[in-house]
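Understanding the architecture of this molecule
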Amino acid sequence: MSLKKNIKALREKKAIVQKGGGDAAIEKQVAMGKLTARDRILAILDENSFHEYDLFVQHEERNFGMDKKELAGDGVITGTGTIYGAPICIYAQDFTVMGGSLGLKHARKITKIMDHALKLQVPLIGINDSGGARIQEGIGALAGYGEIFYRNTMASGVIPQISVILGPCAGGAVYSPALTDFVFVVENISKMFITGPNVIESVLGEKISQEDLGGARVHAEITGNAHFYAGSEQECFEQIKQLIRFIPWNNNQKARAFEPKEPKIKKSIENIIPSDPKQPYDVRDIIKVLVDDSEFLEVHELFAQNIVVGFGRMNGETIGFVANQPLYLAGVLDCDSSDKAGRFIRYCDAFNIPLVTLEDMPGYLPGVDQEHEGVIRHGAKVLYAYSEATVPKITIILRKAYGGGYIAMNSRHLGADFVFSWPSAEIAVMGPEGAANIIFRKEIMEAEDQDAMRAEKVQEYIDKFANPYVAASKGYIDGVIEPAETRSVLLHALSISVKKVDERPKKKHGIPPF
Amino acid sequence: MSTKENKDKEFIDFAVTARKYKTLLTRKYKQRKFWENPDPMEIFSFIPGTIVDVFVKEGDFVEEGEPIMILEAMKMKNRIDMPFSAKIKKINVEKGVRVPKEFLLFELEK
């Protein structure tokens, strides 16, 4: 056979496999509003950058009639490519091939590309669209899942791992995404649950739709399992590309530096914050006037909205922002916002991203539900994450810093490198009203006009304690700055912290309050 | 979301210790469960399931530890026993009905 013939045969073989489950199955996939696995990879990666491997891998199952079934690529496409030039290892489960079900060879293709990612020290993107374990393969499928989870864990904190949920994702399949750094979901397409609605109904009699049980919105807003929520696959891919530009390839590197830019939004920072500490504002408006080009990529936008976390740039370098959000629940810390902040802080620390904390919080959320949900254990995650982090850590206290919240939000006492405060800040054990009620209880009770006396004592407390100067006099904060100076103070503090060295005691690993 | 848009929103007064803040609530916060002090005289289902048997009737005086009913859930038959000696005031279920979690099964009186 001549080489030409060989090439022709190869092309034909490739064309068959690249068709996945065939035209009918592809039509069904498209009818559900979904792209095919191949189109998804091509849409995420730079044009013409995708190189596929293991195209001809076949399953080895011989039972249940599987010996007569040929599955294109065993239901998963794997390969490498680039996003804005950054190298990427990627896989996409193909729902058109036996429902994207995971058998041993399918899993081994995934673990192979994961091993590559770890050795090459580049980010891994997994696109999940699978009915779950391939039942015919039995234990082989379970072994496959386990081998993936193990590698997710080994790669955690070494290379960025991104999961994209673009279809059903049930049972064991949800645990690989849960072990990765960022989970992306799309409205009406993504579904994640451990036990689906059918099982729940047959066992417990509870009727619930797939969407209400584990749809995209539920995971983005209620459970926090998803970090990014999009209205369409295309929007989701744009979010992934934007994220890749903010994070480094691995934990030995820094994120790519961009040309420093002035904020696009020129609004005066003083006009964003109401002077009355009881009035809300959107802290994202503050972040946007501080960061380069006013570009801010929010993580967990819909989950625990009382705290804002995300990436922006200063001096052209990626910075992780953690900010109390007075717009929701007055910006309190609670179970969910503690989980959200704690995790983000650890992400930034693992990947050499400096942290800037904007603090304006009245304390922890009171309530039986919070206490019983374990706000002590959840809240402790924030203390742990800040204390543990060795990246540059800078705090700006905008208005309120009360009690445990003052300590938790990257205080000097937890190892902050720089803490600055606006002159409007109230740094105290609790809000003036509460404090005055306790300290001056007797005076207030005995006064003829209790309300007038209370107001007087509240003012006395504000004048004496609820200001930044007590903390400044003890050196707990490094400076009281004018709001308009914030960006320049941050730029300086960040640029002189570039070579920061901060050692921690040698240990196998800590025991954070999981 | 700009500050201007925020002005159109319905801010509520949200008490954290002694001070009330103007703010918005999250969906999850609105859906939270409120705590109710448990009444020892009210017995609730601890799991959704089916009542497969009821051994007592209203007005009976039942000794502590005696079986009251069987609640089948997750393929397990759970026997619900009398928590303390008392009279059965009211039974809200009968054999064969399906109950959700935390459904008031029966009430007692001393």
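Attention here is on the structure that accompanies the text.

Moving on to the overall build of chain A. A tally of helices and strands in chain A yields 20 helices and 17 strands. Computed over C-alpha atoms, the radius of gyration of chain A comes to 26 Å, within 12% of the 24 Å expected from 2.2 N^0.38 for 514 residues, which places it in the range of a compact globule. Along the first, second and third principal axes, the C-alpha atoms of chain A reach 100 × 55 × 45 Å. Counting only residues that meet the buried cut, chain A has 54% of its 514 residues in that class. Sequence-distant contacts, at least 24 apart, represent 73% of the contacts inside chain A between residues at least 6 apart.

Listed by partner, the interface residues are 40 residues for chain A and 29 residues for chain B. Here chain A and chain B share an interface that buries about 3000 Å² over both sides, 59% of which is from carbon and sulfur atoms. One can count 4 salt bridges joining chain A with chain B. We note a salt bridge from Glu221 of chain A to Arg27 of chain B, for which the minimum N-O separation is 3.3 Å. Where chain A touches chain B, the interface holds 14 residue pairs in polar contact (both at pLDDT 80 or more).

All names here are of chain A. Counting 54 residues, the largest nonpolar core has Ile125, Phe311 and Val322 as the members making the most contacts within it. Once residues lying within four places of it in the same chain are set aside, the contact partners of Ile125 are Ile44, Ile83, Ile88, Cys89, Ile90, Tyr91, Ile162, Val164 and Ile240. Ranked by size, the runner-up nonpolar core spans 29 residues in total, among them Ile269, Val291, Ile319 and Trp422.

Moving on: the layout of surface pockets. Empty space among the atoms becomes apparent when a probe as large as a water molecule is rolled across them. Space inside the largest pocket adds up to approximately 1800 Å³. Residue lining of the largest pocket: 49 residues in total, with Ser156, Arg343, Arg346, Pro512 and Phe514 of chain A positioned closest to the centre. Mapped by element, the contributors of at least two residues to the lining of the largest pocket are α6 (175-179), β8 (191-193), α9 (216-223), α12 (335-350) and α14 (375-388) of chain A. Among the elements that take part in the lining of the largest pocket, α12 of chain A stands out by supplying 9 residues, more than any other. Along the lines of polarity and charge, the residues of the lining of the largest pocket split into 21 nonpolar, 15 polar and 13 charged. Here the second largest pocket defines a volume of roughly 450 Å³. Breaking the lining of the second largest pocket down by element, the ones donating at least two residues are α13 (368-373) of chain A together with β3 (42-44) of chain B. Here the element with the most residues in the lining of the second largest pocket is α13 of chain A; it accounts for 3 residues.

All names here are of chain A. For the pair helix α4 (residues 104-120) and helix α5 (residues 139-155), the least separation of the axes is 8 Å and the interaxial angle reads 10°. Classed by the angle they form, the pair α4 and α5 counts as roughly parallel. Considering how the two elements wind past one another, α4 and α5 form a crossing that is left-handed. Within the contact between the two elements, α4 uses Leu104, Ala107, Arg108, Ile110, Thr111, Met114, Asp115 and Leu118 and α5 uses Gly140, Ala143, Gly144, Glu147, Ile148, Arg151, Asn152, Met154 and Ala155. By residue class, the composition of the contact of α4 with α5 is 9 nonpolar, 4 polar and 4 charged.

For the rest of this paragraph, the subject is the sheet that holds strand β8 (residues 86-91) of chain B. The strands making up a sheet associate through hydrogen bonds between their backbones, and the pairing can be parallel or antiparallel. All names here are of chain B. Taken in spatial order, the 4 strands make up an open sheet running β3-β10-β8-β5, and their pairing is antiparallel. Of all strands in the sheet, those with a lone pairing partner are β3 and β5 (61-62), marking the two edges. The pairing of β8 with strand β10 (residues 104-109) spans 4 bridges and is antiparallel. Its bridge partner being in β10, Ile88 is matched across the sheet by Leu108.

On to the environment of Leu414 of chain A. Within the element layout of this structure, Leu414 of chain A appears in the loop between α15 (403-408) and β15 (418-421). Not counting the four nearest positions on each side in its chain, Leu414 of chain A is found in contact with Leu383, Tyr386, Ser387, Lys393, Ile407 and Ala408 of chain A.

Looking now at unusual backbone geometry. Residues and elements named next belong to chain A. Even without being a glycine, Asp293 presents a positive backbone phi close to 60°. On the secondary structure map, Asp293 appears in the loop between α11 (283-290) and β10 (297-299). You can call Asp293 partly exposed: its relative accessible area is 23%.

Buried within helix α16 (residues 432-439) of chain A are the following residues: Pro432, Glu433, Gly434, Ala435 and Ala436 of chain A. Against β14 (393-402), β16 (426-428), α17 (441-446) and α18 (450-464) of chain A together with β2 (19-23) of chain B lie the buried residues of α16 of chain A.

The subject of this paragraph is the pattern of salt bridges. For the coordinates displayed, the defined rule picks out 45 salt bridges over all chains. Arg412 of chain A is the salt-bridge partner of Asp478 of chain A, the closest N and O atoms lying 2.7 Å from each other. Here Asp478 of chain A, found in the loop between α19 (469-473) and β17 (479-480), pairs with Arg412 of chain A, found in the loop between α15 and β15; they are 66 residues apart in sequence, far enough to count as distant. Residue Asp13 of chain B pairs with Lys22 of chain B through a salt bridge whose shortest N-O separation is 3.1 Å.

The rules behind each value
Residues numbered from 1 in each chain as written. Chains lettered and ligands numbered in written order. Predicted model: local features only at pLDDT ≥ 70, side-chain atom pairs only at ≥ 80, totals over all residues. Heavy atoms only, no water. Helix = DSSP H or I, 4+ residues; strand = E, 2+ residues; numbered from the N terminus. Rg over C-alpha atoms; globule rule 2.2 N^0.38 Å. Buried < 20%, exposed > 50% of the residue type's maximum accessible area, 1.4 Å probe, protein only. Contact = heavy atoms within 4.5 Å. Buried area = accessible area lost by both parts, 1.4 Å probe. Salt bridge = Lys/Arg side-chain N within 4 Å of Asp/Glu carboxyl O. Polar contact = N/O pair within 3.5 Å; in protein donor to acceptor, adjacent residues only side chain to side chain. Core = buried A, V, L, I, M, F, W, Y, C linked by side-chain atoms within 4.5 Å. 1 Å grid on protein atoms, 1.4 Å probe; cavity = no way out; pocket = protein on both sides within 12 Å on 5 of 7 lines; lining within 4 Å. Points joined across faces, edges and corners; volume = space filled by probe spheres on them. Nonpolar A, V, L, I, M, F, W, Y, C, P; charged D, E, K, R; others polar. Axes fitted to C-alpha atoms, helices over the stretch in contact; angles between N-to-C directions. Parallel < 35°, antiparallel > 145°, perpendicular 65-115°, else oblique. Left-handed = near helix turned anticlockwise from the far one by under 90°. Pairing = 2+ DSSP bridges.

That is the geometry; function is a separate question.
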